[in-house]
Amino acid sequence: MKLAPSILSADFANLERDVKLVEAGGADYIHIDVMDGQFVPNITLGPNIVAALRPVTKLPLDVHLMIVQPERFIPDFAKAGADIIVIHQESTPHLHRGIQMIKNEGVKAGVVINPSTPVSAIAHVLEMVDLVLVMTVNPGFGGQSFIENTLGKIEELAILREQHGYHYEIEVDGGIQPDTARLCAKAGADVFVAGSYVYNHEDPKGQLAKLRDAVSE
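Residues numbered from 1 in each chain as written. Predicted model: local features only at pLDDT ≥ 70, side-chain atom pairs only at ≥ 80, totals over all residues. Heavy atoms only, no water.

1. Re the overall build of the protein chain
Put simply, the rule reads: Numbered from the N terminus, helices here are DSSP runs of H or I no shorter than four residues, and strands are runs of E no shorter than two. Using a 1.4 Å probe on the protein chains alone, a residue whose accessible area is under 20% of its type maximum counts as buried, one over 50% counts as exposed, and one in between counts as partly exposed. Every residue pair with non-hydrogen atoms within 4.5 Å of one another is taken to be in contact. For accessible areas, the Shrake-Rupley method is used with a probe of radius 1.4 Å. Any residue's cover is judged against the shown protein chains and nothing else. This count recognises Lys and Arg as positive and Asp and Glu as negative, with His and chain-terminal groups excluded. Positions of charges follow a simple convention, taking NZ of Lys, CZ of Arg, CG of Asp or CD of Glu.
Helices and strands together make up the secondary structure of the protein chain, namely eight helices and eight strands. Summarising its shape, the C-alpha atoms of the protein chain cover approximately 45 × 40 × 30 Å along the three principal directions. Looking at the 217 residues of the protein chain, the share that counts as buried comes to 54%. Taking as baseline every contact in the protein chain between residues at least 6 positions apart, the subset at least 24 positions apart corresponds to 63%. Element-wise, carbon and sulfur atoms account for 49% of the exposed surface of the protein chain, whose accessible area totals about 9200 Å². Mean positive and mean negative side-chain charge positions of the protein chain (17 and 28 charges, respectively) differ by 4 Å.

2. Brief notes about the environment of Thr180
Quick reminder of the rule: Pairs of N or O atoms within 3.5 Å make up the polar contacts considered here, provided that, within protein, one atom can donate a hydrogen while the other can accept it, and that residues adjacent in sequence are counted only when both atoms are side-chain atoms.
Along the chain, Thr180 turns up in helix α6 (residues 178–187). By relative accessible area, Thr180 is classed as buried at 8%. Along the primary structure Thr180 and Val215 are separated by 35 residues, whereas in three dimensions their C-alpha atoms are 9.3 Å apart. The residues touching Thr180, leaving out its near neighbours within four places in the chain, are Phe146 and Gly175. A distance of 2.9 Å separates a polar side-chain atom of Thr180 from the backbone nitrogen of Gln177.

3. Considerations on the nonpolar core
Inclusion rule: Residues grouped as a nonpolar core are buried Ala, Val, Leu, Ile, Met, Phe, Trp, Tyr and Cys residues, joined through side-chain atoms within 4.5 Å.
Residues Ile7, Ile32 and Ile85 are the most contacted members of the largest nonpolar core, which totals 62 residues. With near-sequence residues (within four places) excluded, Ile7 lies in contact with Phe12, Leu15, Val19, Ile30, His31, Ile32, Leu45, Ile49, Leu53 and Tyr199. Grouped together as the second largest cluster of nonpolar side chains are 11 residues, Val86, Leu133, Val137 and Val193 included.

4. Quick word on unusual backbone geometry
For Gln69, which is not a glycine, the phi torsion comes out positive at approximately 50°. Structurally, Gln69 is set in the loop between β3 (61–66) and α3 (74–80).

5. Quick word on the environment of Gly188
Tracing the chain through its elements places Gly188 in the loop between α6 and β8 (191–194). Judged by relative accessible area, Gly188 falls into the buried class, the value being 16%. In the structure, Gly188 is positioned 20 residues away from Tyr168 in sequence and 12 Å away in space, judged by C-alpha atoms. Once you skip the residues sitting within four places of it in the chain, Gly188 turns out to touch Ile154, Ala158, Arg161 and Ile170.

6. Things to note about the pattern of salt bridges
Oppositely charged side chains can form a pair if their charged atoms are brought close together. To keep things clear, this is the line we draw: By definition, a salt bridge exists where a carboxyl oxygen of Asp or Glu is found within 4 Å of a side-chain nitrogen of Lys or Arg.
Under the criterion given, the structure shown has nine salt bridges. Close ionic contact of Arg17 with Asp11 constitutes a salt bridge, the shortest N to O distance being 3.6 Å. With its nearest N and O atoms 3.4 Å apart, the salt bridge here joins Arg212 to Asp28. Placement of the pair is Arg212 in helix α8 (residues 204–216) and Asp28 in the loop between α1 (15–24) and β2 (30–35), with a sequence separation of 184 residues. Given a relative accessible area of 29%, Arg212 falls into the partly exposed group. Bridged by salt links that share partners, the residues Asp11, Arg17 and Asp18 form one connected network.

Set out below in structure tokens:
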């Protein structure tokens, strides 16, 4: 398993401190949520934040683009230092092209599906991607409740990966805490994004340990 704390819930006045804190606590990725106020009803981070964080952590930067027409900004985020860029199936009519663009930048490519989007909608790009992110809440805000019927999509992706020899990791994002992380792991998830569960607590390192223990049970 891999843990990917989301800095959406970190203290933005002390972002370097909070990133280093989870790195010391055994995080595997730093998850960066980018929102444009159009694809989702919130506005957050841009390439400048990725560029600012790149020198302060050795962890891979997992950049989740919740933006309309993400192709417009893929080169900017790659140049800023993203290690993984994931784009939504729902955000572009040119998903295949977007994934090609990410790959051409020398960055790992991922695809994301919302809770209402079936796995069949991304079947044609599964052989291309390094990561598939299953949203287990509706994107746009932290602190939402886990949508349990998304577990079937995780299971489906795990079966397709085995059947076809695909190499993608299965990532989950939304409402992740020990109980839901355990369910996702049993369904086949590999990477667990957690924001409010980790950072809305006085001991983020301890929260990461609880997640890891829950999944390994």
